[in-house]
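# Analysis of the macromolecular model
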Amino acid sequence: MAGGALLQLQNVSRRLGGRVIVQDMTLALDRGCVLGLLGVNGAGKTTTLRMIAGVLAPNTGKVLFDGRELHEEPALSRRLGYLPETPPLYAELRVDEYLAFCARVRGLRGKAALTAVDGVVERCGLAEVRRRLCGNLSKGFAQRTGIAQAIIHDPDLIVLDEPASGLDPVQAVSIRKLVKELGSEHAVILSTHQLNDVTACCARVAIVHGGRLRYDGKLADLTGAQGGDLESVFLRIASADDAQAAA
Amino acid sequence: MNRAIARNEWRRLFAQPLAWAMLAAVLAVLAYFFLLTLQGFLGLMPKLAGMPSAPGVTDLVALPLLRAVASVLLIIVPLLGMRAIAGERASGTLPLLQTSGAGSAGIILGKFVALCGFFIVLIALALAMPASLAIGTHLDWGRLFASLLGLILFAAALSAIAIAASAYCRQAVIAAGLALALNLVLWMLDAGARYEGVSSNFINYAALPTHLEPFLHGIVASVDIVYFALIIAVALILAARRLDAEREHG
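Just so we're clear, the structure is a prediction, and the values are computed from it rather than from any experiment.

### A few points about the environment of L153 of chain B
All names here are of chain B. Checked against the element boundaries, L153 lands in helix α7 (residues 141-168). Accessibility expressed as a C-beta count within 10 Å gives 22 for L153, which makes it buried. Along the primary structure L153 and F119 are separated by 34 residues, whereas in three dimensions their C-alpha atoms are 10 Å apart. With sequence-adjacent residues up to four places away left out, L153 is seen in contact with I225 and F228.

This is the structure in structure tokens:
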């Protein structure tokens, strides 16, 4: 485990509704890295991301951001950007109004907030809808607006929960391109069950299954060592765990 | 308090038709009530002229209107406050606020300030009706300003209750029902005691009208201010604690 990593999960576990959702997860991430968090539905990806974002506290273990415990210092949340599964949009606000709010609530003021809005509008391709109500956005634009709010304050860590889910292939490609760009400057965690997302954007992959971290390493190492493409390796890991659980 | 959250809440309130419709409907009803009481006062004027120390326009027109404002607030504050937190939860925007770094107290205070702001506008517009009579008659300004302060504290207490109810309920409609029930309990709490002639018991102290009435009579007492401040503080602390608990319990 890297001692000075930007984000560290130390033996993190979380129960919800009496069920263990995440169990003893240990993970570290630094700037300039896109980590693909891969898992089937119900594997515990979203709960893990919610703990990383500070929306949920772990039952045991620690989530450390820059060495400090996120749960103890909510203000640290300003240094991360989070896109939940459903983009957190206010239907009654225009896209530019909404983004200006997102900038201000994260501490940007006056001209800096407006510059940040212009920046993300351009970067996320929102120019044609910037004066449209968030409630009237298509799925693709809503998703992009969600990503825009997550990066508007130039955070150190960006946490994206299935940003390309429900998008058409063209939109999905543009989102992947954007995520890859973001990875050059920030630490990015991309949760997905789409293998294409991981191969297109991520150098590193963490496979979660049954609430446990089953693999954490370079994508090239995984496919090289196990001899095959990501799909077959992922299916092998997931089905092996299922067989183990059944036994 | 997080200013960005307060500003955004204020902007969102006025971006929805509910707030405008409510403002228009309430002011229309209050204006009709004002005109009726004014007409009644004008009819009584010849009799009042012959009475020593007769009640004036402030007693007979402004006071009934201000009491009507208080009654209306009991109902409309829960309706406008119900979505404060429950609505964020339903639309999936709560994580945006939770990861903003504002903290639970900042989120709750921002919501509270915006909601109070709306009701201050409503109270000021309602008060402008009797104030307009100053063109042709003498008004007891001290009493009107005391009433304004009392109604603002009253609306703030009801807003805090509505936000707390919204924090504890998953659905906005249930939050509105809970807040309305709490308002009515606090409003009627000492009705039985007063009927029995008891006026200085704890139950009287706990009831809302006991602390609003002195303001309407021009009396600004610290005991009444403390009562409203206590309600506001307790409700907002409970709401913030509920948000914190959401992090813990999911």
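### Here we look at the packing of helix α11 (residues 208-216) of chain B against helix α12 (residues 222-249) of chain B
Residue and element names in this part refer to chain B. At a minimum axis distance of 9 Å, the contact between α11 and α12 shows a crossing angle of 135°. Relative to α12, α11 is oriented oblique. Relative to α12, α11 is oriented so that their crossing is left-handed. Facing α11, whose interface residues are H211, P214 and F215, α12 presents D224, Y227 and F228. Taken together, the residues of the contact of α11 with α12 sort by class into 4 nonpolar, 1 polar and 1 charged.

### A closer look at the nonpolar core
Most often, soluble globular proteins keep nonpolar side chains buried together rather than apart. Formed by 155 residues in total, the largest nonpolar core has its most connected members in F154, A160 and I163 of chain B. Those residues in contact with I163 of chain B that lie beyond four places of it in its chain are G81, A84, I85, I108, K111, F112, L115, A235, L236 and A239 of chain B.

### Details of the interface of chain A and chain B
With 23 residues of chain A at the interface, the matching set in chain B holds 20 residues. When contributions to the side of chain A that touches chain B are tallied by element, the ones reaching two or more residues are β6 (80-83) and α2 (95-105) of chain A. The leading source of residues in the side of chain A that touches chain B is α2 of chain A, at 3 residues. Partitioning the side of chain A that touches chain B into residue classes produces 15 nonpolar, 4 polar and 4 charged.

### Digging into the environment of D224 of chain B
Residue and element names in this part refer to chain B. Of note, D224 is situated in helix α12. Each C-alpha atom of the pair D224 and L208 lies 9.4 Å from the other, and the pair is 16 residues apart in sequence. Those residues in contact with D224 that sit more than four places away from it in its chain are H211, P214 and F215.

### Considering unusual backbone geometry
All names here are of chain A. For D24, which is not glycine, the phi dihedral falls at a positive 50°. If you trace the backbone, D24 turns up in strand β2 (residues 19-29). Take D24: there are 15 C-beta atoms within 10 Å of it, and that puts it in the partly exposed class. In this structure, D66 is a non-glycine residue whose phi angle is positive, near 55°. Structurally, D66 is set in the loop between β4 (60-65) and β5 (68-69).

Cut-offs applied
- In every chain, residue numbers begin from 1 and rise along the written sequence.
- Ligands are numbered from 1 and chains lettered from A, in the order in which they are written.
- Per-residue local features of the predicted model are confined to residues with pLDDT of at least 70, and side-chain atom pairs are confined, for both listing and counting, to 80 or more; whole-chain, interface and lining totals are unaffected and use all residues.
- The numbering of helices and of strands both runs from the N terminus, where a helix is a DSSP run of H or I of at least 4 residues and a strand a run of E of at least 2.
- Put simply, a residue is buried when 20 or more other C-beta atoms lie within 10 Å of its own C-beta and exposed when 12 or fewer do; between those, it is partly exposed, and each C-beta is set from the backbone.
- What counts as a contact here is a pair of residues whose C-beta atoms, placed from the backbone, lie within 7 Å.
- Every angle, taken between N-to-C directions, lies between 0 and 180 degrees, and every axis is a line fitted to C-alpha atoms, over only the stretch in contact when it is a helix.
- Any angle that is under 35 degrees is reported as roughly parallel, and any over 145 degrees as roughly antiparallel; angles of 65 to 115 degrees are reported as roughly perpendicular and all others as oblique.
- In this scheme the crossing of two helices becomes right-handed for a clockwise turn of the near helix relative to the far one and left-handed for an anticlockwise turn of less than a right angle.
- Polar here means any residue outside two lists: the nonpolar Ala, Val, Leu, Ile, Met, Phe, Trp, Tyr, Cys and Pro, and the charged Asp, Glu, Lys and Arg; Gly therefore counts as polar.
- Residues of type Ala, Val, Leu, Ile, Met, Phe, Trp, Tyr and Cys that are buried and joined through C-beta atoms within 7 Å form what is called a nonpolar core.

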